[in-house]
Amino acid sequence: EVQLVESGGGLVQPGGSLRLSCAASGFAFSSYAMIWVRQAPGKGLEWVSGINSIGSTTYYRDSVKGRFTISRDNAMNTLYLQLNSLKTEDTAMYYCVRVRPGDCYSGSWCPVGRPWGQGTQVTVSS
């Protein structure tokens with residue numbers, strides 16, 4: 001069965017950095033596009049970033065563009081999200097999500113379903 005395990009979150013001050021990881025198993029990781037989504041307290045799920053199966057094309061919502069970098073290591077079945085210049089508004093639970101073939105993954109307009117993993121908490125506070 002598909003398993004996605006997020007890690008790397010933590011508490012940082014505004015302007016700080018974190019690198020999130022998503023360890024994947026139970027499927028052919030290199031054959032799937034992947035996305036990162038997040039959910040702030042009391043808010044709905046929000047699309048953050050997407051990457052194609054090869055890792056050659058990336059997408060970001062406007063509010064994180066220039067600050068976040070999505071990448072993947074297909075040999076290690078791992079997805080990453082580098083978060084730099086963090087803002088308080090980035091505080092949320094972050095999840096990685098496998099994209100079904102043909103589904104939207106390249107922009108904030110993409111519908112976001114319920115994540116399968118446990119998520120990793122990012123808290124940005126002074």
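Residues numbered from 1 in each chain as written. Predicted model: local features only at pLDDT ≥ 70, side-chain atom pairs only at ≥ 80, totals over all residues. Heavy atoms only, no water.

Draft legend 1. Structural detail: the overall build of the chain. Along the backbone of the chain there are 0 helices and 10 strands. The dimensions of the chain, computed from C-alpha atoms along their principal axes, are 40 × 30 × 25 Å. Out of the 126 residues in the chain, the part that is buried amounts to 44%. In the chain, once contacts between residues fewer than 6 apart in sequence are set aside, the share between residues at least 24 apart is 60%. Here the chain has roughly 6500 Å² of accessible surface; of this, 46% comes from carbon and sulfur atoms. With 11 positive and 8 negative side-chain charges, the chain shows a separation of 2 Å between the mean positions of the two kinds. (Helix = DSSP H or I, 4+ residues; strand = E, 2+ residues; numbered from the N terminus. Buried < 20%, exposed > 50% of the residue type's maximum accessible area, 1.4 Å probe, protein only. Contact = heavy atoms within 4.5 Å. Areas by Shrake-Rupley, 256 points an atom, 1.4 Å probe, with all protein chains shown as cover. Lys, Arg positive; Asp, Glu negative; His and termini not counted. Charge placed at Lys NZ, Arg CZ, Asp CG, Glu CD.)

Draft legend 2. How the structure looks around the packing of aromatic side chains. A complete count under the given rule lists 3 aromatic pairs for this structure. Both rings, one in Tyr 59 and one in Tyr 105, keep their centres 5.7 Å apart while their planes meet at 90 degrees; by these two values the pair is edge-to-face. On the criterion of sequence distance, the pair formed by Tyr 59 in strand β6 (residues 58-60) and Tyr 105 in the loop between β9 (92-98) and β10 (120-124) is long-range, its members being 46 residues apart. Taking relative accessible area as the criterion, Tyr 59 reaches 27% and is therefore assigned partly exposed. Classification of Tyr 105 as buried rests on a relative accessible area of 17%. Chaining the aromatic ring pairs together yields one cluster made of Phe 27, Phe 29 and Tyr 32. It is Arg 98 that lies over the ring of Phe 27; its NZ or CZ is 4.9 Å from the centre. In this structure, Arg 98 is placed above the aromatic ring of Tyr 32, and the distance from its NZ or CZ to the ring centre is 4.5 Å. (Phe/Tyr/Trp six-rings, centres within 6.5 Å; stacked < 30°, edge-to-face > 60°. Lys NZ or Arg CZ within 6 Å of the ring centre and 35° of its normal.)

Draft legend 3. Geometry of the sheet that holds strand β3 (residues 18-25). The strand order across the open sheet built from 4 strands is β1-β3-β8-β7, with neighbouring strands paired in antiparallel fashion. The sheet terminates laterally at β1 (3-7) and β7 (68-73), the two strands that pair on one side only. Neighbour-to-neighbour, the strand axes of this sheet turn through a mean angle of 15 degrees, independent of strand direction. Here 5 bridges tie β1 to β3, and the two strands are oriented antiparallel to one another. (Pairing = 2+ DSSP bridges. Axes fitted to C-alpha atoms, helices over the stretch in contact; angles between N-to-C directions.)

Draft legend 4. Highlighting the state of the cysteines. Enumeration over the complete set of coordinates arrives at 2 disulfides. Shown here is the disulfide that connects Cys 22 with Cys 96, its sulfur atoms set 1.9 Å apart. Disulfide Cys 22-Cys 96: torsion about the S-S bond near 65 degrees, hence right-handed. Separated by 74 residues along the polypeptide, Cys 22 in strand β3 and Cys 96 in strand β9 bring together distant segments of the chain. For the pair formed by Cys 22 and Cys 96, the shared burial category is buried. The disulfide bridge from Cys 104 ends at Cys 110, spanning 1.8 Å between sulfur atoms. Disulfide Cys 104 to Cys 110: torsion about the S-S bond roughly -70 degrees, handedness left-handed. (Disulfide = S-S within 2.5 Å.)

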